[in-house]
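# A closer look at the structure
The residues making up each chain are set out below.
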Amino acid sequence: MENLKALSFELRKNVVDMVVEGGGGHIGGDMSVMDILTELYFDQMNISPENMHSPNRDYLVMSKGHSVEALYAVLARKGFFPVGEVIHSFSKFGSQYIGHPNNKLPGIEMNSGSLGHGLSVCAGMALAGKMDGRKNRVYTVMGDGELAEGSIWEAAMAAHHHKLDNLCAVIDRNRLQISGDTENVMAQDSQEERWSAFGWHTIPVNGHDYRELNEAFREAGNYTGAPTVIIANTIKGYGSAVMENKPEWHHRVPTTDEYRQIVRDLEERKEAALHE
Amino acid sequence: MNKIPNRQAICDVLIEKAKTDKDIVVLCSDSRGSSSMTPFAQEFPEQFVEVGIAEQNLVGIAAGLAKCGKKPFAASPASFLSTRSYEQVKVDCAYSNTNVKLIGVSGGVSYGALGMSHHSAQDIAAMSSVPNMRVYLPSDRFQTAKLIKALLEDDKPAYIRVGRNPVEDIYSEEFCPFELNKANLLAKGEDAAVIACGEMVRPAVDAAKMLEAEGIYITVLDMYCLKPLDREAVLEAAARTKLLVTMEEHSPFGGLGAMVSQLIGSRAPRKVINMALPDAPVITGTSGEVFEHYGLNANGLVIVIKENL
């Protein structure tokens, strides 16, 4: 198997380049969610440019749509579009590479960006799969700040009610949102208890540990009778000390010096991952 | 007097079509009764999805179903469907271009006495200002059935508003000309033109007869397609008459009157009178009483036309 940890740091470098070239981007959340997406797209999901129109493909909706740069990097590496094209045109006038998911692009199933939409849509996709007797799986990735959206809990209720065990939600629990610590903005601890109370199978993991992520997704795939939520504990800005756990990196463009340091850090982490 | 409300006509078509099309799915938000969808739920339980009282989720789930090849019809009171789930309509249906048909039932002031929370006098404005969303207000049960059959043939989102109560037939089993996105010309006179939609078409037809007895001849257009508006039909009516009157069960802002006035103002300046609900809390009563109070009936229309000729 490819060294996904090492790959993730290359993809993070793509993200940093997109943000610098595009003059903006939600870089902190891109960094925290990258391992979740890398594990999903390179180890779990049955999705590729070859089967992107097959009804039997696995589906993912990026509910935390502001982390679209991470999704672009992963989709580009999967061959959906050239990464250089994204880096050079991201956020530019007339570009399809918008700052939130745009389903006119190959590989992106649904538009998102306004928070709290993905879980409902995925519940519908999972229901369709059940109706047609398909074996495919449906994934959504939500932010922890996003969990304050009431629509998520409407969907959580319905997904349990309809026994959508082909649905797996992932929470990128990086504990920071634009105004600061989630616990100060709107307390989000006790996620396990909350989702369990809604009837979901819950699995907490270290969202940067590929062994834990792999096991969690496999467990979710084998769980029957209820949907699964994986609470991925992550670090916002993961990959460089310049950004890690600093709320100001929710949406920010690195300075030239910061850029150099971030790239050095990502390269070091990649090397370390290759020698783990 | 017809006893079949337009919402029931929708259910009848869906039951008929679902017999051979397993992809048709009806979704309700504890609204199967108010949407007249109980027979569908009973006959096709595998193609019926209950989401509980959760309109945002109703529309989001419908979008997900559509993305995976289903033909979802999300039916809920127009008031809640058009505003509570507005963002899901915008992002998950229109912007994502999913084949979701939104059925707003008990629209306008159908729930007259239940008050403003239950009135939908903003739905045309809200829905039509979303790119890639079509808006339809059919006038009777025959046209409603034709519309639903036509919409089953395409794969794009649409919003359809129908009222709660049966309305008198405009058309018949034998005579119901229908072309998607083309208004129906119901009367052709040179003195004035009335452009109406939904439940206001019937009073327009009645007013035409009343005026005819007095030697006044008016054009009546059944503009069931609010978006895309049949601009040609409006301009054609404007070319033949000096006075245009729009009539709708909607706020005076952003609805049929606003659309027609916008078009006429730029293309064929004429006097346009907009008959609509007031920009104020609507008086309590049955929808018939409410219409009468605001002059949104045949008598009211006759008065407006005679005053302005």
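On a predicted model such as this, the values are computed, not experimentally measured, just so you know.

### Description of the overall build of chain B
- Scanning chain B from terminus to terminus reveals 12 helices and 12 strands.
- The C-alpha radius of gyration of chain B comes to 19 Å, within 12% of the 19 Å expected for a compact globule of 309 residues.
- Taken along its principal axes, the extent of the C-alpha atoms in chain B is 55 × 40 × 35 Å.
- Out of the 309 residues in chain B, the part that is buried amounts to 61%.
- Long-range contacts, defined as pairs at least 24 residues apart, comprise 78% of the intrachain contacts of chain B with a sequence gap of at least 6.
- Across chain B, 31 positive and 37 negative side-chain charges occur, with their mean positions spaced 4 Å apart.

### Regarding the interface of chain A and chain B
- The interface is formed by 26 residues belonging to chain A together with 25 residues belonging to chain B.
- Together, the buried faces of chain A and chain B total about 2,100 Å²; carbon and sulfur atoms form 56% of this surface.
- Its largest share of buried area at the contact with chain B, chain A owes to A:His117, A:Met131 and A:Glu154, together 26% of the area lost on that side.
- Joining chain A to chain B, the criterion identifies 3 salt bridges.
- Ionic pairing is found between A:Asp132 and B:Lys22, a salt bridge with its closest N-O pair at 3.6 Å.
- Examining the composition of the side of chain A that touches chain B, we find that 8 residues originate from one element, helix α5 (residues 118-131) of chain A, more than from any other.
- Here the residues of the side of chain A that touches chain B sort into 11 nonpolar, 9 polar and 6 charged.

### Focus: the nonpolar core
- Judged by nonpolar contacts, the single largest core of 104 residues is most densely connected at A:Leu119, A:Trp195, B:Leu14, B:Phe40 and B:Met223.
- Among the elements that take part in this core, α5(A) stands out by supplying 8 residues, more than any other.
- Two domains share this core, each providing at least three of its residues, namely domain 1 (6-161) and domain 2 (184-308) of chain B.
- Core analysis: the second largest hydrophobic core is formed by 58 residues, A:Tyr72, A:Ala76, A:Ile230 and A:Ile262 among them.

### Topic: the packing of aromatic side chains
All names here are of chain A.
- On inspection of all chains with the given rule, the structure shows 12 aromatic pairs over all chains.
- Both rings, one in Tyr-72 and one in Phe-81, keep their centres 6.1 Å apart while their planes meet at 75°; by these two values the pair is edge-to-face.
- Relative accessible area serves as the criterion here: at 0%, Tyr-72 is assigned to the buried category.
- Between Tyr-139 and Phe-217 the ring centres are 5.8 Å apart and the planes differ by 80°, which places this aromatic pair in the edge-to-face class.

### Regarding the pattern of salt bridges
- Applying the stated rule across the entire model yields 32 salt bridges over all chains.
- The partner of A:Glu183 in a salt bridge is A:Arg173, with the nearest N and O atoms 2.8 Å apart. Placement of the pair is A:Glu183 in helix α7 (residues 182-185) and A:Arg173 in strand β3 (residues 167-173), with a sequence separation of 10 residues.
- A relative accessible area of 2% places A:Arg173 in the buried class.
- Linking B:Glu50 and B:Arg32 is a salt bridge whose minimum nitrogen-to-oxygen distance equals 3.1 Å. Remark: B:Arg32 occurs in the loop between β1 (24-28) and α2 (38-43) and B:Glu50 occurs in strand β2 (residues 48-50); sequence separation between them is 18 residues.
- In this structure B:Glu50 comes out as buried when scored by relative accessible area, which is 18%.
- Owing to a relative accessible area of 30%, B:Arg32 belongs among the partly exposed residues under this scheme.
- Look at the salt bridges and you will find they share partners, linking A:Asp132, A:Arg134, B:Lys22, B:Asp23 and B:Lys70 into a network.

### Description of the domain arrangement of chain B
All names here are of chain B.
- Taken domain by domain, chain B comprises domain 1 (6-161) and domain 2 (184-308).
- The interface is formed by 28 residues belonging to domain 1 together with 28 residues belonging to domain 2.
- Of the roughly 1,900 Å² buried at the junction of domain 1 and domain 2 (both faces included), carbon and sulfur atoms supply 60%.
- Its largest share of buried area at the contact with domain 2, domain 1 owes to Val-109, Ile-124 and Leu-137, together 27% of the area lost on that side.
- At the surface where domain 1 touches domain 2, the tally comes to 1 salt bridge.
- The closest approach of N and O atoms between Glu-249 and Arg-161, which form a salt bridge, is 3.8 Å.
- For the interface between domain 1 and domain 2, the tally reads 17 residue pairs in polar contact (both at pLDDT 80 or more).
- For the side of domain 1 that touches domain 2, the secondary-structure elements that each account for two or more residues are α6 (123-128), β5 (134-136) and α7 (141-151).
- A breakdown of the residues in the side of domain 1 that touches domain 2 according to their chemical character gives 14 nonpolar, 11 polar and 3 charged.

Basis of the calculations
Residues numbered from 1 in each chain as written. Chains lettered and ligands numbered in written order. Predicted model: local features only at pLDDT ≥ 70, side-chain atom pairs only at ≥ 80, totals over all residues. Heavy atoms only, no water. Helix = DSSP H or I, 4+ residues; strand = E, 2+ residues; numbered from the N terminus. Rg over C-alpha atoms; globule rule 2.2 N^0.38 Å. Buried < 20%, exposed > 50% of the residue type's maximum accessible area, 1.4 Å probe, protein only. Contact = heavy atoms within 4.5 Å. Lys, Arg positive; Asp, Glu negative; His and termini not counted. Charge placed at Lys NZ, Arg CZ, Asp CG, Glu CD. Buried area = accessible area lost by both parts, 1.4 Å probe. Salt bridge = Lys/Arg side-chain N within 4 Å of Asp/Glu carboxyl O. Nonpolar A, V, L, I, M, F, W, Y, C, P; charged D, E, K, R; others polar. Core = buried A, V, L, I, M, F, W, Y, C linked by side-chain atoms within 4.5 Å. Domains from an automatic or database assignment. Phe/Tyr/Trp six-rings, centres within 6.5 Å; stacked < 30°, edge-to-face > 60°. Polar contact = N/O pair within 3.5 Å; in protein donor to acceptor, adjacent residues only side chain to side chain.

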